[in-house]
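Structural features, examined
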Amino acid sequence: MAGRVKRALGDVFGLRRFGVNLTELAPGALSSLRHAHSHQDEFIYILQGYPVLRTDAGDTPLAPGMCAGFAAGSGDAHQLVNPTAETVVYLEIGDRTPGDTVHYPDDDLRAVRVDGRWVFTHKDGRPY
């Protein structure tokens with residue numbers, strides 16, 4: 001994820017049930033591969049810049065003060081894209097529910113949360 005910088009704010013305070021990241025996207029950068037969580041709710045709040053939210057429904061332009069939420073188990077894959085020449089800054093908040101898996105519909109990738117760490121495999125379960 002070249003051009004993305006995350007600062008794990010929740011970890012600094014020892015938060016165990018949810019995470020809070022202050023994330024910056026340089027011009028042209030992506031927040032992540034498009035993904036959907038099985039057990040983790042996610043929420044974003046735009047502080048600076050004009051990213052585009054890409055979901056299964058298509059692209060939605062966002063601006064400072066706007067937010068979006070992604071319910072666990074919805075299957076609606078999402079990502080932020082910065083198509084502008086300005087840095088995007090946003091807060092992302094997600095819970096840390098055990099047993100979470102992540103589906104990446106556009107890539108041969110699957111992630112499973114095991115003992116607090118992400119394990120990445122191909123969709124058929126073969127390790128990378």
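About the thresholds
Residues numbered from 1 in each chain as written. Predicted model: local features only at pLDDT ≥ 70, side-chain atom pairs only at ≥ 80, totals over all residues. Heavy atoms only, no water. Helix = DSSP H or I, 4+ residues; strand = E, 2+ residues; numbered from the N terminus. Rg over C-alpha atoms; globule rule 2.2 N^0.38 Å. Buried < 20%, exposed > 50% of the residue type's maximum accessible area, 1.4 Å probe, protein only. Contact = heavy atoms within 4.5 Å. Pairing = 2+ DSSP bridges. Salt bridge = Lys/Arg side-chain N within 4 Å of Asp/Glu carboxyl O. Patch = residues over 30% accessible without salt bridge, like charges linked within 9 Å, V, L, I, M, F, W, Y side chains within 5 Å. Areas by Shrake-Rupley, 256 points an atom, 1.4 Å probe, with all protein chains shown as cover. Core = buried A, V, L, I, M, F, W, Y, C linked by side-chain atoms within 4.5 Å.

Each helix and strand counted, the protein chain has 1 helix and 12 strands in total. Taken from the N to the C terminus, the helices and strands of the protein chain come in the order β-α-β-β-β-β-β-β-β-β-β-β-β. In terms of overall dimensions, the protein chain is globule-like: its C-alpha atoms have a radius of gyration of 14 Å, near the 14 Å expected for 128 residues. Dimensions along the principal axes, computed over C-alpha positions, put the protein chain at roughly 40 × 35 × 25 Å. Looking at the protein chain residue by residue over its 128 residues, the buried ones come to 35%. Summarising the internal contacts of the protein chain: among those between residues at least 6 apart in sequence, 61% fall at separations of at least 24.

This brings us to the sheet that holds strand β10 (residues 101–103). For sheets, the rule is that strands pair by backbone hydrogen bonds, running either parallel or antiparallel. Pairing is antiparallel across the open sheet formed by 4 strands, whose spatial order is β3-β10-β11-β12. Each edge of the sheet is formed by a strand with only one pairing partner; in this case those strands are β3 (36–37) and β12 (117–121). Pairing of strand β11 (residues 110–114) with β12 involves 5 bridges; the strand directions are antiparallel. Looking at β12, one finds that Val112 is bridged to Val119.

The next subject is the environment of Ala26. The residue Ala26 is located in the loop between β2 (18–25) and β3 in this model. Look at Ala26 and you get partly exposed, because its relative accessible area is 28%. With 59 residues separating them along the chain, Ala26 and Ala85 place their C-alpha atoms 8.0 Å apart. Setting aside its immediate chain neighbours within four residues, Ala26 contacts Gly3 and Asn82.

All right, on to the pattern of salt bridges then. Under the definition given, this model contains 7 salt bridges. Note that Arg34 is salt-bridged to Asp56, the shortest N-O span being 2.5 Å. Placement of Arg34 in the loop between β2 and β3 and of Asp56 in the loop between β5 (52–55) and β6 (58–61) is noted, with a sequence separation of 22 residues between them. Residue classification places Arg34 among the buried positions, given a relative accessible area of 12%. Put simply, Asp59 and Arg54 hold a salt bridge, and the shortest N to O gap is 3.0 Å. Its relative accessible area of 47% is what places Asp59 among the partly exposed residues. Under the relative-accessibility criterion, Arg54 is labelled partly exposed at 29%.

This next bit is on a nonpolar patch on the surface. Side chains of Phe43, Tyr45 and Leu47 sit close together on the surface and give an oily, nonpolar patch of about 240 Å² of accessible area. Counting through the fold element by element, Phe43 comes out in strand β4 (residues 42–48).

Turning to the nonpolar core, a few remarks are in order. Leu25, Ala29, Ile44, Ile46, Leu53, Leu62, Ala68, Phe70, Leu80, Val88 and Tyr90 together form the largest nonpolar core, which totals 11 residues. Mapped by element, the contributors of at least two residues to this core are β4, β7 (67–70) and β9 (88–95). For Tyr90, the contacting residues outside a window of four places in its chain are Asn21, Leu22, Thr23, Leu25, Ser31, Ile44, Tyr45, Ile46, Leu47 and Leu80.

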